[in-house]
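# Coordinate inspection notes
Read off the chains here:
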Amino acid sequence: MAEAGAPTSCGSGMLKMNNIEVAYLNVIRVLHGVSLSVDDGQVVALLGANGAGKSTTLKAISGLLSSEEGEVTGGSIEWNGERIDNRSAEEIGKLGVIQALEGRRVFEHLNTEENLLVGAYQRRDCGAVKADLDMVYQYFPRLKEMRRSTAGYLSGGEQQMLVVGRAIMASPKLLMLDEPSLGLAPKVVETIFQVLVDINKKDVTILLIEQNAQMALQVAHRGYVMETGKMSLEGKAEDVAQNEQIKKTYLGL
Amino acid sequence: MITGKLVIEQILNGLVLGCMYASVASGLTLIWGTMKMINFAHGEFYMLGGYVMYFAIVSFGIPPLYSIFLAVVIVFAMGIVIEKICLHPLLDKPDWDISAFVATLGVGIFFQNFALRVWGERFKSVPYFLEGTLDVFGFRMAYQRIFIFAVTAGVMGGFWLYLKKARFGLGLRATAQDRDAATILGINAKKIYTITFGMSCALASLAAVLLAPIFLINPWMGSVPLIKGFITVVLGGLGSFGGAILGGILLGVVESISVIVFSSEWKDVVAFIILILVLWIRPSGLFGTKEW
């Protein structure tokens, strides 16, 4: 942990996780004191090997642990100074903290456009929803072509675009993505990352889990690295990318 | 003697019967599709619809059309209350499907005995609210039956459109397919469950009030429609709304035709034989997997 330094909980982030501990079924401890902070307007990449606890970290924020019989057993999560670690997934979603789920979880019996509109379910401003729909179609022209197709029949890449587009439709303040590049053709990955960079410019803060560390650190301002339920490294994205150990383990350099 | 005319008349009767099955079954399938549970009190909400209708017409002298509306609305409200009291506390607890099964069984037993105790075991009848028959090309159809067919067809069609087009319908379908993915987008799944349960009860009640003049009102009147509803739901594919409607009409028509081919005692036997055949050949139902 040379240049990038040891993890500390720091700054006045819009999202702050302090020393979070998570256990499944009351016994299986997955996170052992994870701290993370995301500042307004940033893109933060969360890296790490399989099973390090990245997805659990996101689920702890979005309130999805309870449906898997997991629980935050220690620490706190603050959203703009407000504790959110005991809120339901629905309340957290309403705050504008939106997670795009891993595994291309589209509503497979709904068509593409319906999927996108479900994203905007809690919004009442019809005009803005329409504008966002057009924006998503502009980002992903393929989705517009497939707007009447049942989502279950879309290709993997199209489904991943749909999951990202659906999350954008929710007008997020913080958008959390879980492995958006997993198993996709490089071209699709590029499209998706381009969109992420673009909506970040439109003031959407992004917390990104990635296996593709190189790609993630290119677009990110800050990076965190997780190892077996703990943060092992944090720092500016450039510094993380320069870290020798990271180079070896994640970047293959 | 089986004549063409008799067959056509029975098909028409079967359509009316099928409408009732479709209405009961669509409520069951709606609950299964969204909440992933089977409501064993469904027949009792059907029964309550019948009683509300009876008291509205006979005790309060409310005109039949308003009584129908009243019965549907009151049973909708009762469904919501029961869901809040008996099912809501069980949501998200382990073994939800089993606890919901036991809870609804209990609700059903409660209402059945409540009706028996308070309203008595004597069968009550509701007068026909439409007199006369329609004669077309030598076929006779009672206005009452045409009315049943028209109203259920209208309500089912409207409900289908509502599920497909309305904002709430979209939320319902999304929640039914992937609850977690829906909640993280800020959709209140529990509220959707509550309202869906109420709607399901209202559909059961609708079937009961339309048929009230044909069948008699009694504490046990819900048990046969419940069983036929289950058969319909399995025929159409569990969780499929369109399947429940088509399955209901199919079952109604086949039953009616079996009456002339065999005799009316064999009606239920035929229904169950069809059920067993379908389970044997197409276990996921005639119309395939769920479609929301």
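Our subject is the structure listed above.
What you are looking at is a predicted structure, and each value in this text was computed from that prediction instead of being measured.

Here is what the cut-offs are and how they apply
Residues numbered from 1 in each chain as written. Chains lettered and ligands numbered in written order. Predicted model: local features only at pLDDT ≥ 70, side-chain atom pairs only at ≥ 80, totals over all residues. Heavy atoms only, no water. Helix = DSSP H or I, 4+ residues; strand = E, 2+ residues; numbered from the N terminus. Contact = heavy atoms within 4.5 Å. Polar contact = N/O pair within 3.5 Å; in protein donor to acceptor, adjacent residues only side chain to side chain. Pairing = 2+ DSSP bridges. Axes fitted to C-alpha atoms, helices over the stretch in contact; angles between N-to-C directions. Parallel < 35°, antiparallel > 145°, perpendicular 65-115°, else oblique. Nonpolar A, V, L, I, M, F, W, Y, C, P; charged D, E, K, R; others polar. Buried area = accessible area lost by both parts, 1.4 Å probe. Salt bridge = Lys/Arg side-chain N within 4 Å of Asp/Glu carboxyl O. Phe/Tyr/Trp six-rings, centres within 6.5 Å; stacked < 30°, edge-to-face > 60°. Buried < 20%, exposed > 50% of the residue type's maximum accessible area, 1.4 Å probe, protein only.

Within the element layout of this structure, B:His42 appears in helix 2 (residues 42-59). Sequence-distant contacts of B:His42, defined by excluding residues within four places in its chain, comprise B:Val24, B:Gly27, B:Leu28, B:Ser200, B:Ala204 and B:Leu226.

This part is about the side chain of A:Glu234. Its location among the elements puts A:Glu234 in strand 10 (residues 230-236). Looking at A:Glu234, its side chain comes within polar contact range of the side chain of A:Arg222, at 2.6 Å.

As a further point, take the sheet that holds strand 10 of chain A. Residues and elements named next belong to chain A. Reading across the sheet, the six strands line up as 6-7-8-3-9-10 and stay open at both edges, with mixed pairing between neighbours. Two strands close off the open sheet at either side, each with one partner strand: strand 6 (97-100) and strand 10. Pairs of neighbouring strands in the sheet enclose a mean axial angle of 15°, with direction left out of account. Looking at chain direction, strand 9 (residues 222-227) and strand 10 are connected through six bridges and run antiparallel.

All names here are of chain B. In the contact formed by helix 5 (residues 143-165) and helix 6 (residues 167-177), the axes pass within 5 Å of each other and the chain directions differ by 75°. As judged from the angle between their axes, helix 5 and helix 6 are roughly perpendicular. Between helix 5 and helix 6, the contacting residues are Tyr162, Leu163, Lys164 and Lys165 on the first element and Arg167, Phe168, Gly169, Leu170, Leu172 and Arg173 on the second. Split into classes, the residues belonging to the contact of helix 5 with helix 6 amount to five nonpolar, one polar and four charged.

So, on to the interface of chain B and chain A. Contacts between the two partners involve 21 residues from chain B and, on the opposite side, 25 residues from chain A. Regarding the contact of chain B and chain A, the summed buried area is about 2200 Å², with carbon and sulfur atoms giving 60% of it. A per-residue breakdown of the area chain B buries against chain A is headed by B:Arg167, B:Ile184 and B:Leu185, which together make up 35% of the total. Counting every contact that joins chain B to chain A gives three salt bridges. Here B:Arg173 and A:Glu114 are joined by a salt bridge, their closest N and O atoms 2.9 Å apart. At the boundary of chain B and chain A, one finds five residue pairs in polar contact (both at pLDDT 80 or more). Secondary structure elements with two or more residues in the side of chain B that touches chain A: helix 6 and helix 7 (179-183) of chain B. Examining the composition of the side of chain B that touches chain A, we find that seven residues originate from one element, helix 6 of chain B, more than from any other. For the side of chain B that touches chain A, the per-class residue count stands at ten nonpolar, five polar and six charged.

What follows covers unusual backbone geometry. Despite not being glycine, A:Asn80 has its phi angle at roughly 50°, a positive value. Within the secondary structure layout, A:Asn80 lies in the loop between strand 4 (70-79) and strand 5 (82-83).

Attention now goes to the packing of aromatic side chains. Residues and elements named next belong to chain B. For the coordinates displayed, the defined rule picks out 16 aromatic pairs over all chains. Measuring from centroid to centroid gives 5.5 Å for phenylalanine 55 and tryptophan 119, while their planes differ by 55°, and the two rings are tilted. One end of the pair, phenylalanine 55, is in helix 2; the other, tryptophan 119, is in helix 4 (residues 96-119), with 64 residues separating them in the sequence. Judged by centre distance (5.5 Å) and plane angle (35°), the ring pair of phenylalanine 159 and phenylalanine 241 falls under tilted. Of this pair, phenylalanine 159 sits in helix 5 while phenylalanine 241 sits in helix 10 (residues 241-261), and the two are 82 residues apart along the sequence. Both residues of the pair, phenylalanine 159 and phenylalanine 241, count as buried.

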